[in-house]
Amino acid sequence: MIIDCHNHVLAGGLLPGHGLFRSEMTLHHREGSALDSDGEAVGTDEDTLGGPTDPDKLIADHRAVGIALSTVLAVAPSDYTKYGQRGTVDTGRVTGVDGPLSIDLANDYMAALVRRYPDDLVGMAAVNPRYKGVEAAREELRRAIEDLGLRGLKLYPMYDHYSPDDPELALPVFERAVELDIPVMVHMGSTPVRDAPLRMGWPVLLDEVARTFPDLRLLVCHTGFPWVDECLVMVGRHENLYLDVSHFNSLLDQRATYDFLVRAKQLGCSLSKVCFGTDYPGFDPPGPLLARFALVNDVSSGQKTVPRNLMAGMLGGNWARFAGIDWNEDETLDEIDDWEPRWRQIMDPQ
Ligand SMILES: [Zn+2]
């Protein structure tokens, strides 16, 4: 089973604040794609930025290129940044959750989606200890896991303005995750979003968390880009740490992807800790991202190649182990063989 471990669905907040957030978020990506672009932010309406992400489209886009399971991540609620009401909201009214739209229902929307697509989606809850206080966040996490049935937790420290090693705000949330025995994914790395303190995205901050909670399953999102070396060293140091390549992989061509995997090994990070993800619908589409990654040995030019079993792990097994879900290596190797012609077509459409 090939898994995309990092996706966003529905809307991440309410307009107009969410429009400004999206505009700033996509700025570098648009700038980076053309040296002559002037870096002006686009408008803040949903027409310009794309409306909420439809779960049917997400699933169809993934299945069309061989991804069998998609992890969807809630956005944590906040109302005190310059982006207004942030948090997963079902603006398209596709989940069937009643009542007025509210960021307080972020985890309810996610749970409703997972109930509707149990074979296609895995849902991760989100909480924010600065929103209504740390005790409220701990209780919301318990509710999201025990009552709503979500699989794990996603945290966004820099967007929500707290440090992931903050003893009062963050550590009690990680402690609750240990009690609930759930995996935790943490947004780490930079963001072009301006009202988010950069220092709170430094992946090394999770070293203290991993040292405090050695049993906690923790995943560093986006390979902590641009602090990739720091992220690799840290993930390599701790048995229960993982990373995902989402968003980071949109910045890498195939050769740079190969070099990244070599670099991971050099810095002591086993490829059994690297997880494939796309950050859908954010940047490059799933097809090219998956094809570049899965066929990375094409550019090894006589150097060492990634063994098939390790590639299968990165494409699903590693995340399944992190998240505690069933996964079969032989089955996945067969799927990789079956999909390879399609991926080659994506890489070379002629
Ligand atoms: Zn993301």
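What you see is a predicted model; the values in this text were computed from it and never measured. (Residues numbered from 1 in each chain as written. Predicted model: local features only at pLDDT ≥ 70, side-chain atom pairs only at ≥ 80, totals over all residues.)

Q: Please explain the overall build of the protein as it appears in this structure.
A: Looking only at helices and strands, the protein has 14 helices and 10 strands in total. In terms of overall dimensions, the protein has C-alpha extents of about 55 × 45 × 40 Å along its principal axes. Of all 350 residues assigned to the protein, the portion counted as buried reaches 49%. Taking as baseline every contact in the protein between residues at least 6 positions apart, the subset at least 24 positions apart corresponds to 74%. (Helix = DSSP H or I, 4+ residues; strand = E, 2+ residues; numbered from the N terminus. Buried ≥ 20, exposed ≤ 12 C-beta atoms within 10 Å, placed from the backbone. Contact = placed C-beta atoms within 7 Å.)

Q: Explanation requested: the sheet that holds strand β5 (residues 121-126) in the structure shown.
A: Sheet strands line up and pair through hydrogen bonds in the backbone, either parallel or antiparallel. A sheet is described by the order of its strands in space; here 8 strands give the open sequence β1-β3-β5-β6-β7-β8-β9-β10, paired in parallel fashion. Edge positions in the open sheet fall to β1 (3-7) and β10 (274-275), since each of these has one partner strand only. (Pairing = 2+ DSSP bridges.)

Q: Would you mind showing me how to read the pairing of strand β6 (residues 152-155) here?
A: Within a regular strand, side chains alternate between the sheet's two faces. Residues G152 and K154 point to one face of β6 and L153 and L155 to the other, with burial holding for every one of them. Relative to β6, β5 runs parallel, the two being bridged by 3 bridges. From the neighbouring strand, M124 faces β6, where its bridge partner is G152. Handedness of the crossover joining β5 and β6 through helix α6 (residues 134-147): right-handed. For β6 and strand β7 (residues 184-186), the ladder comprises 3 bridges, and the chain directions are parallel. Bridge pairing in β7 links L153 to V184. (Right-handed = clockwise from strand over helix to strand, strands pointing away.)

Q: Honestly, helix α4 (residues 55-63) in this entry has me stumped. Any pointers?
A: Three or four residues apart is the spacing at which side chains of an α-helix point the same way, because the helix has 3.6 residues per turn. Among all positions of α4, only P55, L58, I59, D61 and H62 are buried. Looking straight down α4, one finds its buried side chains confined to an arc of 165 degrees; they lie on one side. Residues D56, K57 and A60 are exposed on α4 and point more than 90 degrees away from its buried face. Close packing links the buried residues of α4 with β1, β3 (69-73), α5 (106-116) and α12 (286-294). (Arc of directions from axis to C-beta.)

Q: Would you take a moment to explain the environment of D79 for this structure?
A: Checked against the element boundaries, D79 lands in the loop between β3 and β4 (86-89). A residue is classified by how many C-beta atoms lie within 10 Å of it, and D79, with 16 of them, is partly exposed. It is 27 Å that separates the C-alpha atoms of D79 and I182, two residues lying 103 residues apart in sequence.

Q: Sorry if this is basic, but what is going on with the nonpolar core here?
A: Soluble globular proteins tend to bury their nonpolar side chains together. Counting residues in each nonpolar core, the largest one holds 107 residues, and the members touching the most others are M110, A125, V184, V220 and C275. Residue contributions to this core peak at 8 residues, all from helix α13 (residues 308-323). (Core = buried A, V, L, I, M, F, W, Y, C linked by C-beta atoms within 7 Å.)

Q: What should I look at first to understand the confidence of the model for the protein in this one?
A: Predicted coordinates in regions of low pLDDT should not be interpreted in detail. Looking at the protein as a whole, its pLDDT mean stands at 93, while 93% of the residues score no less than 70. Note on residues 41-48: pLDDT is under 50 here. Beyond four places in sequence and across chains, it has 14 contacts. (pLDDT = per-residue confidence, 0-100.)

Q: I would appreciate a short explanation of helix α1 (residues 17-25) in the present structure.
A: Within α1, 7 of the 9 residues are buried, leaving the element largely enclosed by the surrounding structure. Among the residues of α1, H18, G19, L20, F21, R22, S23 and M25 are the ones counted as buried.

Q: Looking at this structure, how should I read unusual backbone geometry?
A: Apart from glycine, the bulk of residues carry a negative phi angle, and the bulk of peptide bonds sit in the trans form. Cis geometry marks the peptide bond from L15 to P16, where omega comes out at 5 degrees. Among the structural elements, P16 can be located in the loop between β2 (11-13) and α1. Cis geometry marks the peptide bond from Y280 to P281, where omega comes out at 0 degrees. Checked against the element boundaries, P281 lands in the loop between β10 and α12. Even without being glycine, H247 reaches a positive phi, approximately 60 degrees.

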